Amino acid sequence: MKISGLVLIALFAVVACDIKEEENVLVLTTDNFDNAIEDHEHILVEFYAPWCGHCQAFAPEFEKAAALLKERNSPVVLAKVDVSAAKELATGQKISFLPTLKFFRRGDEKPLKYNGPRRADSLVAWLNKKSGPPSIEVHSVDEINELLELYRAVVLGLFRYDHGRDDFTAEYTVTEVKNFVQFNKLHVVVDFDTTVAKIIFEQRVIREFIVLFINYTDESFGQLKEDFRAVAYNNKGKYLFVLINLDVLAFLDVFKYFSVDYKEGTALRYIDMRAEDAVKFKYDGLDYSAIGVCNFIQAIEQGILKRFMKGEPLPEDWDAHPVKTLVIQNFDDVALDETKAVLVEFYSPLCFNCKALHPIFDQLAEHYKDNADIVIAKTDAVENEYPQFKFKRYPGIIFFPKDGKPHVYYTSDMLDLDELIKFVDHDGHPTHRKIITTEDIKARRAAEEKAEREALEREKAEHEATERKRSDDEASGNGNLATERTGNYLSASDDGDEKLKDEL
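Reading guide: rules and limits
Residues numbered from 1 in each chain as written. Predicted model: local features only at pLDDT ≥ 70, side-chain atom pairs only at ≥ 80, totals over all residues. Heavy atoms only, no water. Helix = DSSP H or I, 4+ residues; strand = E, 2+ residues; numbered from the N terminus. Buried < 20%, exposed > 50% of the residue type's maximum accessible area, 1.4 Å probe, protein only. Contact = heavy atoms within 4.5 Å. Axes fitted to C-alpha atoms, helices over the stretch in contact; angles between N-to-C directions. Parallel < 35°, antiparallel > 145°, perpendicular 65-115°, else oblique. Left-handed = near helix turned anticlockwise from the far one by under 90°. Lys, Arg positive; Asp, Glu negative; His and termini not counted. Salt bridge = Lys/Arg side-chain N within 4 Å of Asp/Glu carboxyl O. Polar contact = N/O pair within 3.5 Å; in protein donor to acceptor, adjacent residues only side chain to side chain. Phe/Tyr/Trp six-rings, centres within 6.5 Å; stacked < 30°, edge-to-face > 60°. Lys NZ or Arg CZ within 6 Å of the ring centre and 35° of its normal.

### Focus: the environment of phenylalanine 241
- Its place among the elements puts phenylalanine 241 in strand β9 (residues 240-245).
- The buried category is assigned to phenylalanine 241, whose relative accessible area is 0%.
- Each C-alpha atom of the pair phenylalanine 241 and valine 231 lies 8.9 Å from the other, and the pair is ten residues apart in sequence.
- Excluding anything up to four places from it in sequence, phenylalanine 241 contacts Val188, Val189, Val190, Ile210, Phe228, Val231, Ala232, Asn235 and Ile297.

In structure tokens, the structure reads:
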């Protein structure tokens, strides 16, 4: 009888892949390790040595875990490798203490290490989490009781949905799934409070908001809420609809941010937070029914409304003092007047340095009081929004030259009268300082980001070099893995924190 070469090869392959089993645990060697990893979707491998005391103590628990998994028809297989007989394999797996448990899942780039308690129940619970779905849907009390028999602890979630089912349709990435879950755990209309605020503004699925401010004690609240909910259903996935109670004075900062006076009653706002600078629109109508809200949304989408920016009312005496007072309403007319050179201080009312600068600005204005071409001004940058100007801290000072030339940031830390006079006299460009323009600031930021990237790359390279050296040391016999009882061995403390010890 003749046997072809291909048949012989096949027969030898079967023999080579035949893996011995002890107490439901596969016995792996250097020859069959790779095949075992490839053939099993989920496999947990214990790297041990027969002479290791901790390995000997853990062996009964490991075998018990294997029996439990087999009894429950788990897809997870347990295996073990005697590192004293598989030195090269242990070195390749970077085993530096015993026992080491690695969980290999098909499709993962790297195995997971198990560092939990060395008990069968803990190990099985961990493997169930890593190999099964993150949650299990139950339909009866009996199913819950079955879970209680299998696990030491069970977290049961009871969910009520006000908008039916949501299906995930984006690309299956960790980020997209997190965004999907984070967003869809919210109701179609969200009742604003301090606990939900972080979820609302940190979720990245919907960054456009329709916000209705209303007194929950008003007689019209019930009907207006239903109308608001109806509009939300029709625009689900486009905007996030939020209700804020005007009766809750703890939300005063929120009212202030949206320029809502709680004493004046119901208000409607839109805010777009997709870009770095939030864009807001204000509803000036009086109809807050479904029709009124829909008309507001339609006007936004058609580009009819003008962007709303928070601003103080124009003071009657804004021009009565040497330092002019600017607000949103008169800022462009004064600061961007091409016939004047204008120096503006952007301040915060609570800023100590701003308070210290005010008298210096008064002196500066007095210095130029007879020069009709120069204006010294200030504006409250908290009560008036200027998204076109960026400051890392207050006060911020900007010089607006004549003839429509680009504005210049004052970047010196010396906030004294002489320095400011030089800054103004040289058209925002002191002779002893480099000219700092908006483009300079952008270039500086780009250079800082590049430096950060290069530092990270250097750190990564150093880390990789260290890892390579450690691997080389292990391969040359200088590693920590020992294979003889008379030498050093690695063991683990009872709390799972592995330390190198000397047996002798």
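Once the structure has been displayed, the description carries forward.
### Some thoughts on the packing of helix α3 (residues 53-71) against helix α5 (residues 120-131)
- Closest axis-to-axis distance for the α3/α5 pair is 8 Å, and the angle between their directions is 45°. Between α3 and α5, the interaxial angle falls into the category oblique. The crossing of α3 and α5 is right-handed. Of the residues in α5, those in contact with Phe58, Glu61, Phe62, Lys64, Ala65, Leu68 and Leu69 of α3 are Ala120, Leu123, Val124, Leu127 and Asn128.

### As for the side chain of glutamate 345
- With respect to the element layout, glutamate 345 can be found in strand β13 (residues 341-347).
- Although glutamate 345 is buried, it forms no salt bridge, and the closest oppositely charged side chain is lysine 378 at an N-O distance of 6.3 Å.
- In this structure the side chain of glutamate 345 is engaged in a polar contact, spanning 3.4 Å, whose partner is the side chain of histidine 358.
- Leave out the neighbours within four places in its chain, and glutamate 345 touches Cys354, Leu357, His358, Phe361, Ala377, Lys378, Thr379, Pro395 and Gly396.

### As for the packing of aromatic side chains
- Inspection of the entire model under this criterion finds 30 aromatic pairs.
- Look at tyrosine 270 and phenylalanine 281: their rings are 5.6 Å apart centre to centre, the planes differ by 45°, and that puts the pair in the tilted class. Taken together, the residues span a long stretch of sequence, with tyrosine 270 in strand β10 (residues 267-272) and phenylalanine 281 in strand β11 (residues 279-282) at a distance of eleven residues. Here tyrosine 270 and phenylalanine 281 have matching classes, each one buried.
- An aromatic cluster of at least three residues, connected via ring pairs, comprises Phe331, Phe346, Tyr386, Phe389, Phe391, Tyr394, Phe400 and Tyr409.
- Across the ring face of phenylalanine 308, the terminal group of arginine 269 is positioned such that the distance to the ring centre comes to 5.7 Å.
- When the ring centre of tyrosine 257 is taken as reference, the NZ or CZ atom of lysine 280 above it lies at 4.0 Å.

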